[in-house]
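Observations on the three-dimensional arrangement
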Amino acid sequence: MGSSSSSYAPKTIYLDVDGKVQKVAFSRHCSPCDIKELLCSSSNIPRNTAIMMVDPEGALVSIDPTMPTNSPNSLYKVISLSTGQLGEKEDMFQNVLSQVAEQFSRAFRINELKTEVTNRLAMLEKRVELEGLKVVEIEKCKNDLKKLRDEMTSRGGGRVGNCPCKYNFSDDGKKLNPRRDVPSYPKYTLSQETIEALKKPTFDVWHWEHNEMLSCLEYMYHDLGLVKEFNMNPITLKRWLLGIQENYRSNPFHNFRHCFCVSQMMYGMINLCNLPEKMTLTDMGILMTAAVCHDLDHPGYNNTYQINARTELAVRYNDISPLENHHCAVAFQILSLPECNIFANVELEAYKQIRQAIITLILATDMARHGEILDSFKHKVDSFDFTNEEHVTCLKMVLIKCCDISNEVRPTEVAEPWVDCLLEEYFMQSDREKTEGLPVAPFMDRDKVTKPTAQIGFIKFVLIPMFETVMKLFPQIEEIMVQPLRDSRDHYEELKQIDDAMTEAQKKKTENMSLGGKKK
């Protein structure tokens, strides 16, 4: 009973009111609001005024039934917050409140950041799921793209010389560009054997499907450190490579497999010649990207045809390397797409230099400039200086030329099918030239050229002299690149001797048959 009665006993505190002791008693069951009214009345402060209570040391005392009691020797003081006389303790309190508010603000920003990161992760996860598209869906997408391209081409119309290109420059700049949210080619894990083979000129390019070639090219960019050097988004690299592949035509020779062939040979020469030790990673990126883009949208008819037939490309580029200029233009149209721009994170001035260097290399692949470029390199090679920008540029031009026409460096079983492809493309052009009444080059005429005659002169007077000049700077290429060219030359000379012997035998047989007929 005693404990029960004591819980109802009033609580007493002592206040300092204008220098006098004021005793205040209240029930332990009063609400904080009632206690505040009582304190206001006891301290001669109007009701409903915001107040606070402090002890003799200036510490805040909580105004509620649980507040600690005091004695007449340790008086509490009630202060009106509306009077503005809070003193230093009030300023401190306000500072604490401000700091708390700032911490809350920071916390909210962190939450916003967390929300943004979560949303981005969700988007990336969705893209990864999209990469698992079924083959049927991939093919349907490609077919739709092809139909759309054909439709755009048919609408373009009015092309001079009847040499259609996927990009119609005269149609107010409108062009069909590859747009796809997520690259659709599957990810291949390359075996160690394939990785090693990729670095050698003996690599057999005929054993690979397009999707596999795309994965190999992607690997080359990662392996050379180009993705890191140019801060490339790996997804953007995939989109760019897919856009490149879709903008090579299905020609017998100048197709995406040729693009891969040239790019793989460039990758092989970079490794064989230890170029990363002598040149910059930017130079490696320029060499690889120029190789990948060097024949984009090739129509299957060479510059001679373009100029003689007065095609749109020849007119546009004033008969000056019309195809090579077109390859450059298409390359940078693809790169102009944000989703395909592998150089998006490169500073503007650096990008301008990269762009100019890539254009220089692609234009160097015009065989009409072969003598000029090789002569320039011959004058530099004996005193070559890797710190001389002009020397390095000339070397890069020669390297892309070597890679572009390097098929005969490869083993015979890999190289010879390329000759058949090239002759098929040549014959398509010469047949068309005959139909249109245009001049026909003898080396492209199906009635005059044979495989040995097509190759012997090219190997002896173009390939071997150029590769032997490069060999002066990089002696290590002799065994793996120059000697195969000499073997290939000997191989075709033997074939020519056989062909000549067979032709002579057939000629004598015909003559004998003629003589026999006359005797009768």
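As the structure is a computational prediction, the values presented were derived from the model and not from experiment.

Each value, and the rule that gives it
Residues numbered from 1 in each chain as written. Predicted model: local features only at pLDDT ≥ 70, side-chain atom pairs only at ≥ 80, totals over all residues. Heavy atoms only, no water. Helix = DSSP H or I, 4+ residues; strand = E, 2+ residues; numbered from the N terminus. Buried < 20%, exposed > 50% of the residue type's maximum accessible area, 1.4 Å probe, protein only. Contact = heavy atoms within 4.5 Å. Areas by Shrake-Rupley, 256 points an atom, 1.4 Å probe, with all protein chains shown as cover. pLDDT = per-residue confidence, 0-100. Lys, Arg positive; Asp, Glu negative; His and termini not counted. Salt bridge = Lys/Arg side-chain N within 4 Å of Asp/Glu carboxyl O. Polar contact = N/O pair within 3.5 Å; in protein donor to acceptor, adjacent residues only side chain to side chain. Patch = residues over 30% accessible without salt bridge, like charges linked within 9 Å, V, L, I, M, F, W, Y side chains within 5 Å. UniProt positions renumbered as here; feature names shortened; annotations may be inferred. Expected span 1.5 Å × (residues − 1). Phe/Tyr/Trp six-rings, centres within 6.5 Å; stacked < 30°, edge-to-face > 60°. Lys NZ or Arg CZ within 6 Å of the ring centre and 35° of its normal.

**So, the overall build of the chain**
Counting its regular elements, the chain contains 19 helices and five strands. Within the span of the chain, comprising 520 residues, buried residues form 45% of the whole. In the chain, 71% of the contacts between residues at least 6 apart in sequence involve partners at least 24 apart. Counting every atom, the chain has about 28,000 Å² of accessible surface; 53% of that belongs to carbon and sulfur.

**Quick notes on the confidence of the model for the chain**
Regions with low pLDDT should not have their predicted coordinates read in detail. Summarising the model, the chain shows a mean pLDDT of 85, and 80% of its residues fall at 70 or more. Confidence drops under a pLDDT of 50 for residues 1-5, and excluding neighbours within four residues, the segment shows zero contacts in the predicted structure. Note that pLDDT drops below 50 for residues 156-181; the model gives that stretch 74 contacts with residues more than four away or on any other chain.

**Digging into the side chain of Glu408**
Along the chain, Glu408 turns up in the loop between helix H16 (389-404) and helix H17 (412-436). Lys451 provides the closest opposite charge to the buried, unpaired Glu408, separated from it by 8.7 Å. Within the structure, the side chain of Glu408 is placed 2.7 Å from the side chain of Gln455, a separation counted as a polar contact. If near-sequence neighbours (up to four positions away) are discounted, Glu408 is found in contact with Ala415, Val419, Gln455, Ile459, Leu463, Pro484, Leu485, Ser488 and Tyr492.

**Re the pattern of salt bridges**
Pairing between side chains becomes possible if they bear opposite charge and their charged atoms approach one another. Using the criterion set out here, one finds 17 salt bridges in the structure. Its salt-bridge partner being Glu468, residue Arg486 comes within 3.0 Å of it at the nearest N-O pair. Here Arg486, found in helix H19 (residues 477-519), pairs with Glu468, found in helix H18 (residues 451-473); they are 18 residues apart in sequence, far enough to count as distant. When its relative accessible area of 17% is taken as the criterion, Arg486 is described as buried. Measuring nitrogen to oxygen at the nearest pair gives 3.3 Å for the salt bridge that ties Glu478 to Arg486. Assessed through its relative accessible area of 34%, Glu478 is described here as partly exposed. Salt bridges sharing partners connect three or more residues here, namely Glu416, Asp420 and Lys451.

**Quick notes on a nonpolar patch on the surface**
A cluster of nonpolar side chains, Leu113, Val117, Leu121 and Leu124, forms an exposed patch at the surface whose accessible area comes to about 360 Å². In this fold, Leu113 is placed in helix H3 (residues 87-130). On the accessibility criterion, Leu113 (51% relative accessible area) is exposed.

**Re the UniProt feature "binding site: Zn(2+) 2" (unreviewed entry) in the chain**
According to UniProt, the positions carrying the feature "binding site: Zn(2+) 2" (unreviewed entry) are Asp295. Here Asp295 shows up in the loop between helix H10 (281-293) and helix H11 (303-308). Apart from the residues within four sequence positions on either side, Asp295 is in contact with Tyr248, His254, His258, His327 and Asp404.

**Re H17**
Look at H17: 36 Å from first C-alpha to last across 25 residues, which is about the 36 Å you get at 1.5 Å a residue. Taken from the residues just after H17, Gly437 is the one with a positive phi, measuring 70°.

**Structural notes on the packing of aromatic side chains**
Here a ring pair, both rings aromatic, is described through the centre-centre distance and the interplanar angle of the planes. Enumeration according to the criterion identifies 13 aromatic pairs in this entry. With 5.3 Å between their ring centres and 75° between their planes, Phe253 and Trp418 make a pair best called edge-to-face. You can see Phe253 sitting in the loop between helix H8 (234-246) and helix H9 (256-272) and its partner Trp418 sitting in helix H17, a full 165 residues away along the chain. Assigned by exposure class, Phe253 and Trp418 land together as buried. Taking 4.8 Å as the distance between ring centres and 70° as the angle between the ring planes, the aromatic pair formed by Phe384 and Phe386 counts as edge-to-face. Residue placement shows Arg355 over the ring face of Phe332; its charged tip is 4.6 Å from the ring centre. When the ring centre of Tyr301 is taken as origin, the NZ or CZ atom of Arg432, which lies over that ring, is 4.6 Å away.

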